[in-house]
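# A structural walkthrough
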Amino acid sequence: RVYRNALEIAKRMGASITLFNAVQFPYIGKGTIGDLKKTLHDLIDANRKKLSNLVKENTPKAFSDIKIDVKVEADYPIDSILETARSLPADLIIMGMRNRSKWDLFWFGSIANDILANADRPVLAIPPEYDFKPFTNMACLIHYGFSDMKNLELWEEWVTRWDATFHCILIAENALDRLKMDAKQEKIRYLFYEVPAAQVNIIEMGEDLGNALSNYIDQHKIKLIGMEHHDKTIKKPKMPDNEFLDM
C-alpha cells in the first residue's frame, strides 16, 4: 500500500525511491555478544530479502524505470529514519499509519507520529487500507500568525505536476489576523501565477475549526491534506481518511 503510493509519486515527480527498514535490537536472554551480532546479521539479511522481494513482486512494468534502493539498518526506528532521510538526502518521507487503540498509543506511542513531530522535511502519512488515488484536489492549512510561506513553493510544484485544484485554508486567530487577509491572498496568488485561477481556492476559517474543515474536505473530495509544523499548537479537527502531508 505505502510502496504503491511511493511508486505513483516518484513516477509523477521524476524521483527515485529508497525503501528503508530499521531492525530493532533483539532480546537474546543470556546469549553472548557474538550471539547478538549473529542475530542482528540474520535479521538484517532477512528484512533486506523481504524488501527486495516486495519490489520484485509489486512493481508494475509501467514503473520499471524508477530507481529503487533497499536499505536496512539495526537501530531505533525514529532516530534511524530521520538520520537516513538527512543523509540521502530525501525530499520526502512516506510512511504508513496503523490502526491502533488509544491504549496502545498511550503506552507505546506511534513511530509515525514521532516522525511527523520531529522531521526536518515533508512527511506523507498514508492511512491504513488506503488505495492510491490521484491527487486531483489538495489542501494546505496555513496559520495567519506565521509569515513564513516558503513551503507554498513546494505546493505549487505538486499542484502543477498533478494538474490539481489547490485549496489554501487560512486560519485566522483574531481580528488582527483577518486584517492581513488581502496581503496573504495576494502573495498566494503571486506564487501560483502559473496555475489557472480556477484551480486555486483561498478560504478563511477560524482557529476553532470544529467540523468545518472535515466537511469542507469531504465536500471537495480532497485527497491530500497538508499542515505546516510550528511550535504553536492549532486545535486539529478529526481528519477523514485522506493522505496527510506534514510540512
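All of these numbers come straight from a predicted model, not from anything done at the bench.

About the criteria used
- Residues numbered from 1 in each chain as written.
- Predicted model: local features only at pLDDT ≥ 70, side-chain atom pairs only at ≥ 80, totals over all residues.
- Heavy atoms only, no water.
- pLDDT = per-residue confidence, 0-100.
- Contact = heavy atoms within 4.5 Å.
- Buried < 20%, exposed > 50% of the residue type's maximum accessible area, 1.4 Å probe, protein only.
- Helix = DSSP H or I, 4+ residues; strand = E, 2+ residues; numbered from the N terminus.
- Pairing = 2+ DSSP bridges.
- Salt bridge = Lys/Arg side-chain N within 4 Å of Asp/Glu carboxyl O.
- Arc of directions from axis to C-beta.
- Axes fitted to C-alpha atoms, helices over the stretch in contact; angles between N-to-C directions.
- Parallel < 35°, antiparallel > 145°, perpendicular 65-115°, else oblique.
- Nonpolar A, V, L, I, M, F, W, Y, C, P; charged D, E, K, R; others polar.
- Phe/Tyr/Trp six-rings, centres within 6.5 Å; stacked < 30°, edge-to-face > 60°.
- Lys NZ or Arg CZ within 6 Å of the ring centre and 35° of its normal.

Turning our attention to the confidence of the model for the chain. Taken as a whole, the chain shows an average pLDDT of 80; of its residues, 76% reach a score of 70 or greater. Ignoring residues within four places in sequence, the model shows residues 231-240, a span with pLDDT below 50, making 25 contacts including any to other chains.

Time to look at the pairing of strand E5 (residues 137-143). Of all seven residues in E5, seven are buried, a share of seventy percent or more. Both faces of E5 are covered, namely the face carrying Asn137, Ala139, Leu141 and His143 and the face carrying Met138, Cys140 and Ile142. Bridge count between E5 and strand E6 (residues 165-172): seven bridges; the pairing is parallel. Each residue of the ladder has a partner; that of leucine 141, found in E6, is isoleucine 169. Pairing geometry for E5 and strand E8 (residues 224-227), over four bridges, is parallel. Among the inter-strand pairings, cysteine 140 is bridged to a residue of E8, identified as glycine 226.

Let us look at the pattern of salt bridges. Inspection of every chain in the model, using the stated rule, returns eight salt bridges. Taking the shortest distance from any N to any O, the salt bridge between arginine 86 and glutamate 83 comes out at 3.3 Å. Residue arginine 86 and its partner glutamate 83 are both found in helix H3 (residues 77-87); the two are separated by three residues, about one turn of the helix. The class of arginine 86 is partly exposed, set by a relative accessible area of 38%. Relative accessible area serves as the criterion here: at 43%, glutamate 83 is assigned to the partly exposed category.

Our next topic: helix H8 (residues 181-191). Every buried residue of H8 is listed here: Met181, Lys184, Gln185, Ile188 and Leu191. Angular distribution of buried residues about the axis of H8 spans 125°; they occupy a single face of the element. Turned more than 90 degrees off the buried face of H8, the exposed positions are Asp182, Ala183, Glu186 and Tyr190.

What follows is about the packing of helix H1 (residues 2-13) against helix H6 (residues 152-162). Their axes nearest at 10 Å, the elements H1 and H6 cross at an angle of 90°. In this view, H1 runs roughly perpendicular relative to H6, as classed from their interaxial angle. Mapping the contact onto sequence places Glu8, Ile9, Arg12 and Met13 in H1 and Glu157, Trp158, Arg161 and Trp162 in H6. In terms of residue class, the contact of H1 with H6 is built from four nonpolar, no polar and four charged.

Take helix H9 (residues 212-219) next. Restricting attention to buried positions, one finds in H9 the residues Leu213, Ser214, Tyr216 and Ile217. An end-on view of H9 places all buried positions within 160° of arc, on one side of the element. In H9, the exposed positions that point more than 90 degrees away from the buried face belong to Asp218 and Gln219. The secondary structure elements touched by the buried residues of H9 are E5, E6, strand E7 (200-206) and E8.

Counting across every chain of the model gives seven aromatic pairs. A ring pair is formed by phenylalanine 132 and phenylalanine 135, whose centres lie 5.8 Å apart and whose planes are at 65°; its orientation type is edge-to-face. Phenylalanine 135 matches phenylalanine 132 in its accessibility class, with the two residues each being buried. Over the face of the ring belonging to tyrosine 130 we find lysine 133, whose NZ or CZ atom lies 4.4 Å from the ring centre.

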